[in-house]
Amino acid sequence: MAAAAAVGRLEMAALAWLALSLAVVTAVDRSNFKTCDQSSFCKRQRNVEAGSSPYRALLESLQLSQDSMKIQLINEANKVPLLLELYGLKGNMTRIRINELNPLKPRYEVPDVLVQDPPTTRLSVTGRDDNSVELSLGEGNHKLILTAKPFRMDLLEGRELVLSVNSRGLLVFEHLRQRKDSEPPKEPASEGEGAAEASDAPSSAEQESTEKTEQGEEAPKGASETEEEPGSWEETFKTHTDSKPNGPTSVGLDFSFPGVENVYGIPEHADYLRLRTTEGGDPYRLYNLDVFQYELYNPMALYGSVPVLLAHNPQRTLGIFWLNAAETWVDVTSNTAGKTLFGKMLDYMQGGGETPQTDVRWMSESGIIDVFLLLGPSPNDIFQQYASLTGTQALPPLFALAYHQSRWNYNDEEDVSTVDNGFDEHDIPYDVIWLDIEHADGKRYFTWDPNKFPRPREMLQGLAAKRRKMVSIVDPHIKVDSAYRIHNEIRSRDFYVKTKDGSDYEGWCWPGSAGYPDFTNPEMRAWWSSMFGYDHYEGSMENLYTWNDMNEPSVFNGPEVTMHKDAVHQGGWEHRDIHNLYAFYVQMATAEGQVKRSGGLERPFVLTRGFFAGSQRYGAVWTGDNAAEWDHLKISIPMCLSLALVGISFCGADVGGFFKNPEPELLVRWYQAGAYQPFFRAHAHMDTTRREPWLFGEENKALIRDAVRQRYALLPFWYTLFYHSYRTGQPVMRPLWVEYPQDATTYAIDDQYLLGDALLVHPVTAQGARGVQVYLPGKGEVWYDVHTHQKLHAPQTHYLAVTMSSIPVYQRGGSIVARKERVRRSSDCMYNDPYTLYVALGPQGTAQGELFVDDGHTFSFETKGQYLHRRFSFSGNTLTASSADPKGSFETPAWIERVVILGAGKPAAVFLKQKDVAESRLDFTHEAETSVLTIRKPAVNIGADWSISLR
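Here is a short report on the structure shown in this document. Predicted model, so just to flag it, every value in this text is computed and none were measured. (Residues numbered from 1 in each chain as written. Predicted model: local features only at pLDDT ≥ 70, side-chain atom pairs only at ≥ 80, totals over all residues. Heavy atoms only, no water.)

With respect to the overall build of the chain
Phase 1 of the analysis: Looking only at helices and strands, one finds 17 helices and 50 strands in the chain.
Phase 2 of the analysis: Whereas a compact globule of 951 residues would reach a radius of gyration of roughly 30 Å, the chain reaches 29 Å, a difference of no more than 12%.
Phase 3 of the analysis: Seen through its principal axes, the chain has C-alpha atoms that stretch 100 × 80 × 50 Å.
Phase 4 of the analysis: Per-residue burial over the chain gives 62% buried out of 951 residues. (Helix = DSSP H or I, 4+ residues; strand = E, 2+ residues; numbered from the N terminus. Rg over C-alpha atoms; globule rule 2.2 N^0.38 Å. Buried < 20%, exposed > 50% of the residue type's maximum accessible area, 1.4 Å probe, protein only.)

Topic: the pattern of salt bridges
Phase 1 of the analysis: The final tally for this structure, using the stated rule, is 65 salt bridges.
Phase 2 of the analysis: The salt bridge partner of Glu-821 is Arg-898, with a shortest N-O separation of 3.1 Å. Residue Glu-821 is found in the loop between strand E40 (815-819) and strand E41 (835-840), and its partner Arg-898 is found in strand E45 (residues 895-902); the two are separated by 77 residues along the sequence.
Phase 3 of the analysis: By relative accessible area, which is 27% here, Arg-898 ends up partly exposed.
Phase 4 of the analysis: Between Asp-945 and Arg-870 there is a salt bridge whose closest N-O contact spans 2.7 Å. Taken as a pair, Asp-945 in the loop between strand E49 (932-941) and strand E50 (946-950) and Arg-870 in strand E43 (residues 868-875) lie far apart in primary sequence, 75 residues in all.
Phase 5 of the analysis: Members of the salt-bridge network, linked through shared partners, are Asp-242, Arg-285, Glu-327, Glu-365, Glu-560, Lys-565, Glu-574 and Arg-576. (Salt bridge = Lys/Arg side-chain N within 4 Å of Asp/Glu carboxyl O.)

Overview of the side chain of Asn-78
Phase 1 of the analysis: Mapping Asn-78 onto the fold places it in the loop between strand E2 (68-75) and strand E3 (81-89).
Phase 2 of the analysis: A polar atom in the side chain of Asn-78 sits 2.9 Å from the backbone nitrogen of Val-80. (Polar contact = N/O pair within 3.5 Å; in protein donor to acceptor, adjacent residues only side chain to side chain.)

Observations regarding the sheet that holds strand E21 (residues 403-405)
Phase 1 of the analysis: The parallel open sheet is built from eight strands, whose spatial order is E30-E29-E28-E27-E23-E22-E21-E31. Across the chains shown, the open sheet's two edge strands, defined by having one partner strand only, are strand E30 (651-652) and strand E31 (680-682).
Phase 2 of the analysis: Taken together, the three bridges between strand E27 (residues 544-548) and strand E28 (residues 606-608) define a ladder with parallel strand orientation. Bridging across to E28, Asn-548 finds its partner in Thr-608.
Phase 3 of the analysis: Sitting on the sheet, helix H11 (residues 582-597) touches E27, E28 and strand E29 (620-622), and the angle it makes with E27 is about 175°. (Pairing = 2+ DSSP bridges. Contact = heavy atoms within 4.5 Å. Axes fitted to C-alpha atoms, helices over the stretch in contact; angles between N-to-C directions.)

Some details on the packing of aromatic side chains
Phase 1 of the analysis: Across all of its chains, the model carries 49 aromatic pairs by this definition.
Phase 2 of the analysis: Measuring from ring centre to ring centre gives 5.3 Å for Phe-446 and Trp-528, while their planes differ by 75°; the resulting arrangement is edge-to-face. Taken as a pair, Phe-446 in the loop between strand E22 (432-435) and helix H7 (456-465) and Trp-528 in helix H9 (residues 522-530) lie far apart in primary sequence, 82 residues in all.
Phase 3 of the analysis: Residue classification places Phe-446 among the buried positions, given a relative accessible area of 4%.
Phase 4 of the analysis: The exposure class of Trp-528 is buried, given its relative accessible area of 0%.
Phase 5 of the analysis: A connected cluster of aromatic rings, assembled from ring pairs, spans Phe-399, Trp-434, Tyr-545, Trp-547, Phe-605, Trp-622, Phe-650, Phe-679 and Phe-722.
Phase 6 of the analysis: The ring of Trp-547 carries the charged tip of Arg-681 above its face, separated from the ring centre by 4.7 Å.
Phase 7 of the analysis: Over the face of the ring belonging to Tyr-838 we find Arg-819, whose NZ or CZ atom lies 5.0 Å from the ring centre. (Phe/Tyr/Trp six-rings, centres within 6.5 Å; stacked < 30°, edge-to-face > 60°. Lys NZ or Arg CZ within 6 Å of the ring centre and 35° of its normal.)

Put into structure tokens, the structure is as follows:
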């Protein structure tokens, strides 16, 4: 008892200290997180200066098979042989893998992120001399020239250089080795992922090394021979010491993009959309971390990591996917950085300007080099290529695209009921109410507080009666408590992550002392998934969904507020090898749990804070613990755009800001912005004042209600965009340059964006704004203000005067957008309601658009073909509805109640024609001032084929 009491006192003291820290800290404590200089491998890699590479390719070792080339590399400083494998991939991609030829033990290779082994294309040697070999990559007009000494690779399209690999000589591969005066390394626990190909026969590099040794030559130590350097075998940061039983194992490689000045991606960072150069500062860091109230406009790591970078110029778009789950730093340099447009023009006029070039250097702590070159050439090609590797954005259930109401924490069942009723009383629609960590019994996940939430099923049934849902939080830190069933089962099954000494790893998090399930273990993930079954998660129902927070993983007393790198996962892999994958696996197991509980019928909804490449397959992400500040509202746009560019379309930011109390103006503007971002959730810290939409006076309530109602009216459009994203990998929310890749004006714009290719949104994000400058792209195109229907010609920068009710949104001429304008209390209540089609005529008097309809929540659209994919086309004064995919079939009573045509003249008459039905005349009105034609009640089913003619 005394021991238990002591543990309890320690737990309370730790949590009290944490609470005090949360109360007094108002910004991130940067001293808790490493800089590159404090990360020994980053510092070592960065100390390698550009120049001639110490690596040489041994051309005599080249082996060419039908789908790959293999060749040995040797570091002429230390004589360690590497194996380079090159694959041409279908879809205009190339894969490069570099590993040790004969490592002392396997090196980690990332599993489960790729959706399949990428299909390959035939390679062939098309040229060769004493120092190089030329390869045809099989598709298109691409070839690769591999230079032996110094080693580099140049990829060309025709005669044009597209990108270069190791042209700056920054390839670094720290080989596994024995520590001086140490015992020989132990054999690996299992022959799992990462086993390199080996041969009993000596390699070309080994033979060469032996010959030189016999001749008495001593090889000098190179960049990889770092046994004596600080941080190689052990590293201390603040009070934490990281043991490194495998020694220094980092890898790095540089890529050069001639003719490129604009690069994007590598989220997550609270920074501009277009990446900045990192010379003179830290590189961008990819290392999933729980960063308390993060700073803006710096390259610090945040909650998630996607190691994908896009390079763009008017001629082409390229991509790099660096498949490595260890801590990674990315340097970006440019020969035009800091030059003004005038300076560049002066260089050009004087004939002395060099070709713009951006260089990108990747540095990871462990693993191998496994990189995919995505060769585009268009932005849409890049999205399809990356999606073919890691999958597309999961199609969310329809309710998940509606409005979510959250707080840390709604106090009890009565509070939930009061808030739920409040939305009805104030006529504001919402779909989902959220419960944070206080809903559980002592922060024991999969439980309910018996005093505050004694009847969870009744609470959920009450929401279901209104056709609403609930989300409860389930975090991956498990309270160490012998009376807690979840903890006991994980321990008994030996599913916890281990310390380097083999005991269960424990750290501090919200429950106090906590264990961390090893989600890299498939058996652990399957068990975790089973816990979402209704027989295991007591009190849960089919309208309860899940939120995975703190899954970086967050460890309050760990180094950099996360897990020790020398913790051990299944197969003996260190946490340093898999760190950025942990959250990916948590969300995967949770999503699969929701699918399993329904017998495989229902689509899941899971929100995650941490993520990696491929996380788009399992749900949504949000931008973490932001603050009620104007700059945090502004940064939500480039943060979500960056995620969209690398496959994760389902993104949003906490409306109103998680920390601090928003003034009414900021809160209103945030609702207006959030209504036009993919994931739309209000959320707030427990120490903030309550901020339900009706608590800020009638005027502000009306403004918020209008913003939320605009979201609900556009749900058919949102759902169709997500269906396209699911099918093709195209981002839902996208930068302007994606649709206008040759318009250099768009390259740095990140305060406005497109939804699909039809709506342009420029939220008001400045305090006291009286107007915004909106750039309308597209030579010869037209845009329509969706509120006033004013027609504007592009390209131009348009000044729009704004009031507090303004949400600047423009529909692109030539598009058709479906809406539902009978807004009810939830999306499910609107399911069978009629549609209104908004037809925005382009300069040639044409327009087209699509609509996807299914049951909104099951996999039947995929497994049974139960869906409608409709196409609408306006040409020759006739609007036609037809099937965009005849493989789908679905019955719905929903019909079309109105057609609004923007930019139309006044017809003499309007006629509806259907198959086997007599032509009928339709009522219409026409506003001459705005050229808007409204056709009333065509009354045709949304799934029917028909045409409407203007005569």
